[in-house]
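# Results of the structural survey
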Amino acid sequence: MTHDLPAGSDRRALPRPFGRLLTAMVTPFTTDGSVDFDGVARLANYLVDEQANDALVINGTTGESPTTTDAEKEQLIRAVVEAVGGRAKVVAGVGTNDTRHTIELAAAAEKAGADGLLVVTPYYNKPPQAGVLAHFTAVADATGLPVMLYDIPQRSGVPIATETLVRLAEHDRIVAVKDAKGDLTASSWVTSRTDLAFYSGEDSLTLPALAVGAVGLVGTSTHLTGALTKQMIEAYDAGDTGTALALHRRLLPLFTGIFRTQGTILVKAAMAANGLPAGPVRPPLVAATDTEIEQLRRDCADAGLELA
């Protein structure tokens, strides 16, 4: 099955199971390093109400999932569902490099009220493609929720091969891909051969990804740029490529600048500067330096946004 559109068709007809814009939300902590659940709710509301997110990804890498416990992960999902459920979808990151553990986290996320799952390629143990296929299939078989695959070989060590994605697209519950592979040719082949909804996983590649069939973004800089990024996507979908390109160029300093160091670090610095919940990062991450924060201020200014 493909979602190819005949000449003259409207891109807005493409399936978007999680909307156009998702932010991989940071996890606010208190000064002692525990989860700030009041802050979690406040930040979720901000991202939906002021930054125009259609969905939030909880317990992703940006949310410091490698350092949160399974119990914290479940509580985080419940807190965000309570805060914004009904106004935005809640997608739970459940991926690990252990299939059994991933299935356990998927079951807990479903019980906690998540609307979908983000499942990353198993990392570090570098399974062959047969193992990648078996892992994702087992997780999708074990849940009633729609699944977004997360293809990020620079972190996982293993890409999801085109043929593997084509086979996974046959599963009724595997509906989308967060594509952080940075290979638009490979993405083009998959979007032309399947009905998977492709979401850019790299903020700066969102506009070119839309051109080859992507439907939106799972972003990090969107803690700051969400409303304008949503406008960019909507403009492209409406055929106003000039406006979309102008917004892409305007936001490029933050699309890239938020990753001058690890993205979570700078997002938390930005949220704190703007009086929003963030708190410290957990080790092995470290706080942004004064120099990094000053550069972030310049990047914000270059994008026409203010960092307090």
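Each chain has its residues counted from 1, running along the sequence as written. A pLDDT threshold of at least 70 governs which residues receive local features in this predicted model, and a stricter bar of 80 or more applies before side-chain atom pairs are shown or counted, although totals over entire chains, interfaces and linings include all residues. Excluding hydrogens and water, the side-chain figures rest on all heavy atoms present in the structure.

So the rule is basically this: UniProt positions are given in the numbering used here, feature names are shortened, and annotations may be inferred rather than shown by experiment.
Going by what an unreviewed UniProt entry lists, the chain is known as 4-hydroxy-tetrahydrodipicolinate synthase and is assigned to Micromonospora polyrhachis. The Pathway (unreviewed entry) comment attached to the chain in UniProt states, word for word, "Amino-acid biosynthesis; L-lysine biosynthesis via DAP pathway; (S)-tetrahydrodipicolinate from L-aspartate: step 3/4." Recorded in UniProt under Function (unreviewed entry), the annotation for the chain is "Catalyzes the condensation of (S)-aspartate-beta-semialdehyde [(S)-ASA] and pyruvate to 4-hydroxy-tetrahydrodipicolinate (HTPA)."

### Here's the deal with the UniProt feature "binding site: pyruvate" (unreviewed entry) in the chain
For the record, the criterion: Working definition: helices are DSSP H or I runs of at least four residues, strands are E runs of at least two. Numbering for both runs from the N terminus. A simple rule labels every residue: compare its accessible area, found with a 1.4 Å probe on the protein chains alone, to the largest value its type can have, and call it buried under 20%, exposed over 50%, or partly exposed in between. Here a residue-residue contact requires only that any non-hydrogen atoms of the pair lie within 4.5 Å.
On the UniProt side, "binding site: pyruvate" (unreviewed entry) is annotated at positions that read T62 and V218 here. The annotated residues occupy 157 residues of the chain but converge on a single region, no pair of C-alpha atoms lying more than 11.1 Å apart. Residue position: T62 is located in the loop between β2 (55–58) and α2 (70–84). We classify T62 as buried; its relative accessible area is 12%. Sequence-distant contacts of T62, that is, excluding residues within four places in its chain, are made with A24, M25, V26, T27, T220, H223 and T264. Along the chain, V218 falls in strand β8 (residues 216–219). Overall, V218 belongs to the buried group, its relative accessible area being 1%. The contacts of V218, once residues within four sequence positions are left out, are L22, A24, V57, M148, K178, Y199, S200, G201 and D203.

### As for the packing of helix α1 (residues 37–49) against α2
Applicable threshold: Interaxial angles span 0 to 180 degrees and are taken between N-to-C directions of axes, which are lines fitted to C-alpha atoms, for helices over the stretch in contact. Between 65 and 115 degrees an angle is taken as roughly perpendicular, under 35 as roughly parallel, over 145 as roughly antiparallel, and anywhere else as oblique. By definition, turning the near helix anticlockwise from the far helix through less than a right angle yields a left-handed crossing, and turning it clockwise yields a right-handed one. We call Asp, Glu, Lys and Arg charged. Ala, Val, Leu, Ile, Met, Phe, Trp, Tyr, Cys and Pro are nonpolar, and the rest, Gly among them, are polar.
Contact geometry for α1 and α2: axes closest at 9 Å, N-to-C directions at 45°. When the interaxial angle is binned, α1 and α2 end up oblique. Where α1 crosses over α2, the handedness of that crossing is right-handed. Seen from α1, the contacting residues are F37, V40, A41, A44, N45 and V48; seen from α2, they are Q75, L76, A79, V80, A83 and V84. In terms of residue class, the contact of α1 with α2 is built from ten nonpolar, two polar and no charged.

### Here we look at the side chain of T220
Within the secondary structure, T220 is located in the loop between β8 and α9 (222–237). In this structure T220 comes out as buried when scored by relative accessible area, which is 8%. Once you skip the residues sitting within four places of it in the chain, T220 turns out to touch T62, D203, I258, F259, G263 and V267.

### Observations regarding the confidence of the model for the chain
Quick note on the threshold: What pLDDT conveys is the predictor's confidence in a given residue, as a value from 0 to 100.
Taken residue by residue, the chain gives an average pLDDT of 95. The fraction at 70 or more is 96%. Of the regions scoring below 50 in pLDDT, residues 5–9 engages in three contacts with residues more than four places distant in sequence or in other chains.

### Thoughts on the pattern of salt bridges
The criterion, for reference: By convention in these notes, a salt bridge is any Lys or Arg side-chain nitrogen within 4 Å of a carboxyl oxygen on Asp or Glu.
Inspection of the entire model under this criterion finds eleven salt bridges. Residue D49 pairs with R87 through a salt bridge whose shortest N-O separation is 2.3 Å. In this pair, D49 is assigned in helix α1 and R87 in the loop between α2 and β3 (89–93), connecting sequence segments 38 residues apart. Accessibility expressed as a relative area gives 41% for R87, which makes it partly exposed. Via salt bridges that share partners, R16, R20 and D237 belong to a single interconnected network.

### Quick word on the pairing of strand β4 (residues 116–120)
The criterion, for reference: Between any two strands, pairing holds if DSSP finds at least two bridges. Crossovers are described as right-handed under a simple rule: with the strands pointing away from the observer, the path leading from the first strand over the helix to the second runs clockwise.
Within β4, five of the five residues are buried, leaving the element largely enclosed by the surrounding structure. Judged by which residues are buried, β4 turns out to be covered on both faces: G116, L118 and V120 on one side and L117 and V119 on the other are all buried. Judged from the three bridges that link them, β3 and β4 form a sheet pairing that is parallel. Note on β4: the bridge partner recorded for G93 is L118. Once the chain exits β3 it traverses helix α3 (residues 99–112) before rejoining the sheet at β4, and the crossover so formed is right-handed. Both β4 and strand β5 (residues 147–151) contribute to a ladder of four bridges, which runs parallel. Within the sheet, the bridge partner assigned to V119 lies in β5 and is L149. You can see the chain leave β4, run along helix α4 (residues 129–141) and come back into β5, and the turn it takes is right-handed.

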